[in-house]
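Structural overview
So the chains spell out like this:
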There are 2 protein chains.
Amino acid sequence: MSTRPRAARPRQPAAVTRSTIFDAARELFGESGFDAVGIRAVAARAGVDAALVIRHFGSKEQLFLETMTVDLPAVRVMEGPLDGMGRAIVEHVVCLPSTRTGALAVTALAALFRASDRDEVRRNLRSTIDEVFARPLVRRLTGGDAEVRAHLVAAQLGGLLTSMHVVQDPVLLAADPQAVVARYGDAIQQLISEGEGAAA
Amino acid sequence: MSTRPRAARPRQPAAVTRSTIFDAARELFGESGFDAVGIRAVAARAGVDAALVIRHFGSKEQLFLETMTVDLPAVRVMEGPLDGMGRAIVEHVVCLPSTRTGALAVTALAALFRASDRDEVRRNLRSTIDEVFARPLVRRLTGGDAEVRAHLVAAQLGGLLTSMHVVQDPVLLAADPQAVVARYGDAIQQLISEGEGAAA
DNA sequence: CGAGGATGGTCAACATTGATGACAAGCGTA
DNA sequence: TACGCTTGTCATCAATGTTGACCATCCTCG
């Protein structure tokens, strides 16, 4: 007997195992980020061999990108009235993490930022921000540098998000959410409505 | 002859080799980030054995943190007048990369952001931002939520910096620097001067 | 001069990582 | 039964950061 019989779990349709791995990866990546989570850890949590993870997703990076997606919750706000949109958006970034999908979105975006050392992740981050933040806004704004202003708003949002969920600035985390919404929201609002009538 | 004589470069004082490694690491990390640069690459560039790098700096992470430092150029601006400080700060983030030390600072901060998946790097990033951006501002601001406002400004700056040098938003990179300075600077200015007279 | 120790440097190895390819086992079908 | 597709496992690879044993050079003191 040179080869003992291989264990072989009860067979399952590919979609099921894939989904199991997906869930395990989503949780682990969300908790600890790309770097700290090995492919073997994901496999263990899913009750599966490490090689299977690669077979289903191609690479660890691909798995990461597929799990850490933002199911655009912010885009709704940007279809509302321009007045007060600044505060509304900030509220979605600051307060929304209490909801289920909101927390996922914020967690995923933060995880993307933290892993942005990899080219592919950086590309993904770029297009994600463009889709979720910048483009919806560009469609709403008019006047002078509408496009630039929209992307500057996206920059502001990214700044607040990274400050709170990547850098984890203790002052901001401990601050009164209402104050943050008011202050930062108004700063964004200025960028939104500043050039609507005429350019500077 | 089981052991051939070991090569042994001409001996040098420790400080010199350390400095050589330091320079090599600074360049490579600045160009390609933490992840893409192996310790052996740094060693090769410095003309040194890989083990020596570790012996001098303890670990790759430590080397990274020691090389990617921000020699606070922004702090000068924050000692000037509060009026127009917003635009002045943004100018230092957007236009300053043409100077030598400015480029280093921006590059280093961007590299820290991109490698923020590691706990130690994140800690370093947090205190760096606090020292370079937040604390100097806290000292200048008065009124309502002076501290919170200062940290929100830091968040805005981090947002612009990551948008341009991490995410590399093509719209912002192609935009007229003057427009960016004006728009974003004014948004920051609002956060600076908003609560100076009375709290909301 | 020569013994001894500190200092500077090299090499071979280790554990862990992501990834690959050969192969086994289940399951449907002809 | 025999074939073939899908699903799963194992052994293995190359590359990574890191370590410890080992040289080699220089300074110093007897």
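Residues numbered from 1 in each chain as written. Chains lettered and ligands numbered in written order. Predicted model: local features only at pLDDT ≥ 70, side-chain atom pairs only at ≥ 80, totals over all residues. Heavy atoms only, no water.

Section: the overall build of chain A
Selection rule: Per the convention used, a helix needs a DSSP run of H or I reaching at least four residues, while a strand needs a run of E reaching at least two, with both numbered from the N terminus. In this treatment the radius of gyration is a C-alpha quantity, and the globule benchmark scales as 2.2 Å times the residue count to the 0.38 power. Each residue's exposure class comes from its accessible area (1.4 Å probe, protein chains only) as a fraction of the maximum for that residue type: buried when under 20%, exposed when over 50%, partly exposed otherwise. Contacts were defined at the residue level, with two residues in contact if any of their heavy atoms lie within 4.5 Å.
The helix and strand tally for chain A stands at 11 helices and zero strands. Each helix and strand of chain A, ordered N terminal to C terminal, gives the series α-α-α-α-α-α-α-α-α-α-α. Taken against the 2.2 N^0.38 rule, which gives 16 Å for 200 residues, the C-alpha radius of gyration of chain A at 21 Å runs more than 25% over that of a compact globule. Expressed along its principal axes, the backbone C-alpha trace of chain A runs to roughly 85 × 35 × 25 Å. Here chain A holds 200 residues, and 48% of them are scored as buried. Nonlocal contacts in chain A, meaning residues at least 24 apart in sequence, comprise 67% of its contacts between residues at least 6 apart.

Considerations on the packing of aromatic side chains
Residues and elements named next belong to chain A. Defined as follows: Only centres within 6.5 Å qualify two rings of Phe, Tyr or Trp (six-membered ring in Trp) as a pair; their planes then separate them into stacked at under 30 degrees, edge-to-face at over 60, and tilted for everything else.
Considering all chains together, one arrives at six aromatic pairs over all chains under this definition. Taking 5.1 Å as the distance between ring centres and 90 degrees as the angle between the ring planes, the aromatic pair formed by Phe29 and Phe64 counts as edge-to-face. Here Phe64 lies in helix α4 (residues 60–67) and Phe29 lies in helix α1 (residues 14–36), a separation of 35 residues in the sequence. Each member of the pair Phe29 and Phe64 is classed as buried. Through pairs of rings, three or more aromatic residues link up here, namely Phe29, Phe34 and Phe64.

Topic: helix α6 (residues 85–94) of chain A
Residues and elements named next belong to chain A. Heads up, the rule is: To be clear, the arc concerns the directions from the helix axis to the C-beta atoms.
Of all the residues in α6, the buried ones are Met85, Gly86, Ile89, Val90, Val93 and Val94. For α6, the arc enclosing every buried residue in end-on projection is 165 degrees, short of the 170-degree limit, so these residues lie on one face. Residues of α6 that are buried make contact with α5 (74–77), α7 (100–114), α8 (119–140), α9 (146–165) and α11 (177–193).

Considerations on the interface of chain A and chain B
Put simply, the rule is: Buried area, as used here, totals the accessible surface that two parts lose on assembly, with accessibility defined by a 1.4 Å probe and the loss added over both. Salt bridges are defined as contacts in which a side-chain nitrogen from Lys or Arg sits within 4 Å of a carboxyl oxygen from Asp or Glu.
If you look at the interface, chain A gives 45 residues, while chain B gives 45 residues. Across the chain A/chain B interface, buried area totals approximately 4,000 Å², and carbon plus sulfur atoms make up 57% of it. Per-residue buried area on chain A facing chain B is highest for Asp117, Val167 and Arg183 of chain A; these three make up 20% of the total on that side. Here chain A and chain B share six salt bridges between them.

Notes on the nonpolar core
Soluble globular proteins tend to bury their nonpolar side chains together. Threshold: We define a nonpolar core as any set of buried Ala, Val, Leu, Ile, Met, Phe, Trp, Tyr and Cys residues linked to one another through side-chain atoms lying within 4.5 Å.
Counting residues in each nonpolar core, the largest one holds 134 residues, and the members touching the most others are Phe64, Phe133 and Leu160 of chain A together with Phe64, Phe133 and Leu160 of chain B. In contact with Phe133 of chain B, other than residues within four places in its own chain, are Ala74, Met78, Leu109, Thr128, Ala154 and Leu157 of chain B.

A look at unusual backbone geometry
Trans is the common state for peptide bonds, and a negative phi is the common state for residues other than glycine. Residues and elements named next belong to chain A. Residues other than glycine seldom take positive phi values, yet Gln168 does so here, at roughly 60 degrees. Position of Gln168 relative to the elements: it lies in the loop between α9 and α10 (170–174). Given a relative accessible area of 30%, Gln168 falls into the partly exposed group.

Focus: the environment of Ala15 of chain B
Residue and element names in this part refer to chain B. Along the polypeptide, Ala15 turns up in helix α1 (residues 14–36). Among the residues examined, Ala15 registers a relative accessible area of 59% and is labelled exposed. The spacing of Ala15 and Ala110 is 95 residues in sequence and 28 Å in space, taken between C-alpha atoms.

Here we look at the relation of the copies chain A and chain B
The condition that has to hold: The copies were overlaid with a least-squares fit restricted to C-alpha atoms from residues scoring a pLDDT of at least 70 in each copy.
By a simple turn and slide, chain A fits onto chain B: the slide is 0.0 Å along the axis, the RMSD is 0.0 Å, and the turn is 180 degrees. Taken together, the rotation and translation relating the two chain copies correspond to the operation of a two-fold axis. Every residue of chain A has its C-alpha some distance from the rotation axis, and the shortest such distance is that of Gly159 of chain A, at 1.7 Å. By residue overlap, the copies meet face to face through one surface: 100% of the interface positions of chain A are interface positions in chain B.

A few points about the packing of α11 of chain A against helix α9 (residues 146–165) of chain B
So the rule is basically this: The axes are straight lines fitted to the C-alpha atoms, using for helices just the contacting stretch, and the angles between their N-to-C directions are given from 0 to 180°. Should an angle lie under 35 degrees it is considered roughly parallel, over 145 roughly antiparallel, and from 65 to 115 roughly perpendicular; all remaining angles are considered oblique. For a crossing to be left-handed, the near helix must be turned anticlockwise from the far one by less than a right angle; the clockwise case is right-handed. Three categories are distinguished: nonpolar for Ala, Val, Leu, Ile, Met, Phe, Trp, Tyr, Cys and Pro, charged for Asp, Glu, Lys and Arg, and polar for the others, with Gly belonging to the last.
α9 of chain B packs onto α11 of chain A with a crossing angle of 45 degrees between their chain directions and a minimal axis gap of 11 Å. As summarised for this structure, α11 of chain A and α9 of chain B are arranged oblique, according to the angle between their axes. Crossing hand, α11 of chain A versus α9 of chain B: right-handed. Counted together, Val180, Arg183, Tyr184 and Ala187 of chain A of α11 of chain A and Val148, Arg149, Leu152, Ala155 and Gln156 of chain B of α9 of chain B form the full contact between these two elements. Tallied by class, the residues present in the contact of α11 of chain A with α9 of chain B amount to six nonpolar, one polar and two charged.

Purely spatial values, then, with no claim about function.
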